[in-house]
Amino acid sequence: MRLYCSGLRSNFSGETLGASICSSSSSASGNLPLRVICKESRIGKRPVEVPKSVNVVLQGPNLSVKGPLGELTRYYPREVSLTRDESGRIVVTRALETRRARQMHGLFRTLTDNMVVGVSQGFEKKLQMVGVGYRATVEPTEIILNVGFSHPVKIKIPDGISVKVEENTRITVSGRDKCAVGQFAAIIRSWRPPEPYKGKGIKYADEVIRRKEGKAGKKK
């Protein structure tokens, strides 16, 4: 039986990635499946840059970031840990070598970066209303949709979320929490998802609707 081990190399930079492939072959037993061992998440090992306008406070498993747009906090599980390097960047590392820790490494690094970007720049989601008579208006605490029902739809705007309507049909949802912004935009869209024949409904501004052909007339 022969054993072959080699490192993975990137086609773009030529650097060896943090993984290795080990395979064995034998004329008697036939080909065996490859085994890939991943050492570290390529996303998780990247430090999170902190702008000068953002204040970061680490207290055990709790992280608090405060910036021009507000403050966000998050509790981190025991599988990951946070530290600050010499330049002030946030480094997310695995505290345990388990499968769950490997799954959370890249996830919580992305969530940490979203917190820093959210309090400094913010996030926004744009929607477009398509349909005759479809329109939206904004009041101080709610958004009102006219989307073909016998009554207007009133949706309460959560705290930390701001909604702006332009030309009665273009809706912009913005805020510092990326998850909250995406969730509220999805709630607005769910009241009238775009249909595939004429494209009527509420869609994301960058969403592409796959159109279907309507029923053709009966051939004689």
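Residues numbered from 1 in each chain as written. Predicted model: local features only at pLDDT ≥ 70, side-chain atom pairs only at ≥ 80, totals over all residues. Heavy atoms only, no water.

As a reminder of what qualifies: UniProt positions are given in the numbering used here, feature names are shortened, and annotations may be inferred rather than shown by experiment.
The name given to the protein chain in an unreviewed UniProt entry is Large ribosomal subunit protein uL6c, with the source organism recorded as Selaginella moellendorffii. The annotation that UniProt attaches to the protein chain under Sequence similarities (unreviewed entry) is "Belongs to the universal ribosomal protein uL6 family."

## Topic: the overall build of the protein chain
Put simply, the rule is: The helix count covers DSSP runs of H or I at least four residues long, the strand count covers runs of E at least two residues long, and both are numbered beginning at the N terminus. To sort residues, take the accessible area from a 1.4 Å probe on protein chains only and compare it with the maximum for the residue type: under 20% means buried, over 50% means exposed, and anything in between is partly exposed. Any pair of residues with heavy atoms lying within 4.5 Å of one another is described as a contacting pair. Computed with a 1.4 Å probe, the accessible areas rest on the Shrake-Rupley method; for each residue, only the protein chains presented here act as cover.
Secondary structure assignment for the protein chain yields two helices and 16 strands. Burial status across the protein chain gives 32% buried among its 220 residues. Once local pairs closer than 6 in sequence are excluded, the contacts in the protein chain between residues at least 24 apart make up 45%. For the protein chain, the computed accessible surface area is about 14900 Å², with 50% contributed by carbon and sulfur atoms.

## So, the nonpolar core
A general tendency of soluble globular proteins is for nonpolar side chains to be buried together. Spelled out, the test is: The set of buried Ala, Val, Leu, Ile, Met, Phe, Trp, Tyr and Cys residues whose side-chain atoms join them within 4.5 Å is what this entry labels a nonpolar core.
In this structure, I143, L145, I171, V173, F184 and I188 are the most contacted members of the largest nonpolar core, which totals 20 residues. Listing elements by their share of this core, those giving two or more residues are β10 (123-130), β12 (142-146), β13 (153-156), β14 (161-166), β15 (170-175), α2 (178-190) and β16 (201-204). Setting aside anything within four residues of it in sequence, one finds I188 in contact with I143, L145, I155, I171, V173 and I202. The next biggest cluster of nonpolar side chains, apart from the first, holds 17 residues, and it includes L63, V92, F108 and V119.

## Considerations on the pairing of β13
This is how the line gets drawn: In this scheme, strands are said to pair when DSSP sees at least two bridges between them.
Here β13 shows a buried face lined by V153 and I155 and an unburied face lined by K154 and K156. Judged from the four bridges that link them, β12 and β13 form a sheet pairing that is antiparallel. Residue pairing across strands places I144 opposite K154, the latter belonging to β13. With antiparallel pairing between neighbouring strands as the criterion, β12 and β13 make up a hairpin whose turn holds six residues, including G148 at a positive phi of roughly 95 degrees.

## As for the sheet that holds β12
For clarity, the cut-off: Axes here refer to lines fitted to C-alpha atoms; in helices the fit is confined to the stretch in contact. Angles between the N-to-C directions go from 0 to 180 degrees.
The three strands are arranged β11-β12-β13 in an open sheet whose pairing can be described as antiparallel. Whereas interior strands pair on both sides, the edge strands pair on one side only; in this sheet they are β11 (135-138) and β13. Averaged over all adjacent pairs, the angle separating strand axes in this sheet is 20 degrees, with direction ignored. In this fold α2 packs onto β12 and β13, with an angle of close to 170 degrees to the strand it touches most, β13.

## Notes on the environment of I202
Structurally, the position occupied by I202 is in strand β16. Remark: the alpha-carbon pair of I202 and L127, spanning 75 residues in sequence, is separated by 6.7 Å. Apart from the residues within four sequence positions on either side, I202 is in contact with L127, Q128, M129, L145, V147, I188, R189, R192, P193 and P194.

## A short note on the pattern of salt bridges
Here is the rule we go by: Salt bridges are defined as contacts in which a side-chain nitrogen from Lys or Arg sits within 4 Å of a carboxyl oxygen from Asp or Glu.
What the rule picks out here adds up to nine salt bridges. Between E97 and R94 there is a salt bridge, with the nearest N and O atoms lying 3.1 Å from each other. R94 gets classed as buried once you look at its relative accessible area, which sits at 17%. For E207, the salt bridge is made with R189, and the minimal N-O distance between the two is 2.8 Å.

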